[in-house]
Amino acid sequence: MEQQQYDVAIVGGGIIGLSTAMHLNQQFPRLKVAVLEKERELATHQTGHNSGVIHSGIYYRPGSHKANFCVAGVQKLIDFCDENEIEYEQCGKVIVATDESELVRLDNLYERGVANGVEGLEMIGPERLREIEPHAAGIRALWSPATGIADYVKVAQTYANKFAHAGGDVFTEAPVHSITKDGGSLAVQTAKGTFQTSHVINCAGLYADRVAAMLEERVDVRIVPFRGEYYTIRPESHHLVSGLIYPVPDPRFPFLGVHYTRNIHGYVEAGPNAVLAFSREGYRKSDIDVGETLGTLTYSGFWKMTAKHWKTGLSEVRRSYSKGIFLRDLQRLLPEIRDEDLAPGGSGVRAQAVASNGALLDDFNIIRGREAVHVLNAPSPGATSSLAIGEHIVELAAEAFGFRGQAA
């Protein structure tokens, strides 16, 4: 292709990259903006493999980016779905305590949710729990009626359509191989040729650290991929789950534990676990990339993380290879679930940023560089928060790149 000059190249056509592109185009319509996506279709990785939950903002530390973006983003998302006739359902969620040891953590979640302004949050006992989820078992639960489900691939595609209709350029099958300085601009080399751009916004998800390295950005994190595996509940057992049923999470680990999710397309999933993937796109146990695995195993932060969380990691691996263990954990929430109710399901890979000291980054991590803005960690509730995050990234970019005088 013939070289083209852009003001901004956004690397990554997932839901956050596309939200950013749409917002950038809306706020600064004179800018020439391109989205570069390595796959044939948009939103195929984390966006296309998540459970589709519209989170309400219960879990996140008040004042954190997650709390602020989720609470601001959830209403924006619902309004966007209404305006664009995208199906969603606020089916509600229960977070269920199954023994006394979980009650303090459940109380803490309630306090966080209230502090974050989550509407309708209610602490309920077993009788009310049975009214909401007749087959769930627990001694107490947190009821969040505002939590819902949506089709995030459709949301992301709508962002892309709005961006393209307003003059933005979307390039698929355009993996970024390198980024080099070329005079006063950046040369972004892809499978579809070289794009000249003044600035880059890095929304590359599973490869965000690599894109940052291409720009010689010093970041103290490495992406470590964790696969989450699901079972699908057979249709004849769908009646066991009315909405969303979650356990009380362990605050030391940034995963929510195996749970039940009713999907907007009508099926019900059980999972996920969280196991180390041996490829950044390791959706199956057999997916192994030797170079990427060595990259993980030679990273000191990985071993420091392992030293802190090896017991939890080992239990996740055991659950991955044993349907019986997976089933036992699911039965804590739903005693009636049986082996024959579970069919093999899909999986997703979470781009977990791990710091060099072994810390699993729990909050969104978005930084300004010299020529770029980097989204280095955007796990759940990234999709729920995508509109608010996109606005924030554009704000950072406008300040860093001097776009203020070019607003509409």
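Residue numbers here run from 1 along each chain, matching the order of that chain's written sequence. Note on the predicted model: pLDDT of at least 70 is required for a residue's local features to be given, and 80 or more for side-chain atom pairs to be given and counted; whole-chain, interface and lining totals, by contrast, use all residues. To get the side-chain values, all heavy atoms of the structure are used, and hydrogens and water are removed first.

1. Description of the environment of Leu334
Then step 1. Secondary structure elements follow DSSP: runs of H or I of four or more residues count as helices, runs of E of two or more count as strands, with numbering from the N terminus. Within the fold, Leu334 resides in the loop between α10 (323-333) and β18 (342-355).
Then step 2. It is 16 Å that separates the C-alpha atoms of Leu334 and Pro235, two residues lying 99 residues apart in sequence.
Then step 3. Once residues lying within four places of it in the same chain are set aside, the contact partners of Leu334 are His135, Ala136, Leu240, Val241, Ile245 and Tyr260. Note on contacts: a residue pair qualifies if any of its non-hydrogen atoms lie within 4.5 Å across the two residues.

2. With respect to the sheet that holds strand β8 (residues 148-150)
Then step 1. Strand pairing is defined by DSSP finding a minimum of two bridges between the two strands. Strand order in the open sheet formed by three strands is β3-β8-β4, and the pairing between neighbours is antiparallel. Both outer strands of the open sheet, β3 (53-54) and β4 (88-89), are each paired with one neighbouring strand and no more.

3. Considering the nonpolar core
Then step 1. Buried Ala, Val, Leu, Ile, Met, Phe, Trp, Tyr and Cys residues that are joined via side-chain atoms within 4.5 Å together make up what is termed a nonpolar core. Here's how the labels work: a residue is buried when its accessible area is under 20% of the maximum for its type, exposed when over 50%, partly exposed in between, all with a 1.4 Å probe on protein chains only. Formed by 46 residues in total, the largest nonpolar core has its most connected members in Leu24, Val155, Tyr159, Ile201 and Ile393.
Then step 2. Within the residue set of this core, elements represented by two or more residues are β1 (4-11), α1 (15-27), β2 (33-36), α3 (65-83), α6 (152-165), β20 (372-377) and α11 (386-401).
Then step 3. Looking at this core, the element that brings in the most residues is α11, giving nine residues.
Then step 4. Each residue touching Leu24, except ones within four places of it in the same chain, is listed here: Val8, Pro29, Leu31, Val33, Ile201, Val394 and Phe403.
Then step 5. The next biggest cluster of nonpolar side chains, apart from the first, holds 30 residues, and it includes Ala34, Ala174, Ala204 and Val221.

4. Side note on the environment of Thr180
Then step 1. Looking at where Thr180 falls in the secondary structure, it is placed in strand β10 (residues 176-182).
Then step 2. Given the relative accessible area of 35%, Thr180 is considered partly exposed.
Then step 3. Residues Thr180 and Asn377 lie 197 residues apart in sequence; the distance between their C-alpha atoms is 24 Å.

5. Digging into the pattern of salt bridges
Then step 1. One speaks of a salt bridge when a side-chain nitrogen belonging to Lys or Arg is within 4 Å of a carboxyl oxygen belonging to Asp or Glu. Per the counting criterion, the structure on display carries 21 salt bridges.
Then step 2. The partner of Glu102 in a salt bridge is Arg332, with the nearest N and O atoms 3.3 Å apart. Pair noted here: Glu102 is in the loop between β5 (93-97) and α4 (103-115) and Arg332 is in helix α10, with a separation of 230 residues, a long-range link.
Then step 3. The class for Glu102 is buried, based on a relative accessible area of 6%.
Then step 4. Residue Arg368 pairs with Glu399 through a salt bridge whose shortest N-O separation is 2.9 Å. On the criterion of sequence distance, the pair formed by Arg368 in strand β19 (residues 365-368) and Glu399 in helix α11 is long-range, its members being 31 residues apart.
Then step 5. Judged by relative accessible area, Arg368 falls into the partly exposed class, the value being 41%.
Then step 6. One salt-bridge network, in which partners are shared between bridges, spans Glu316, Arg319, Arg328 and Asp329.

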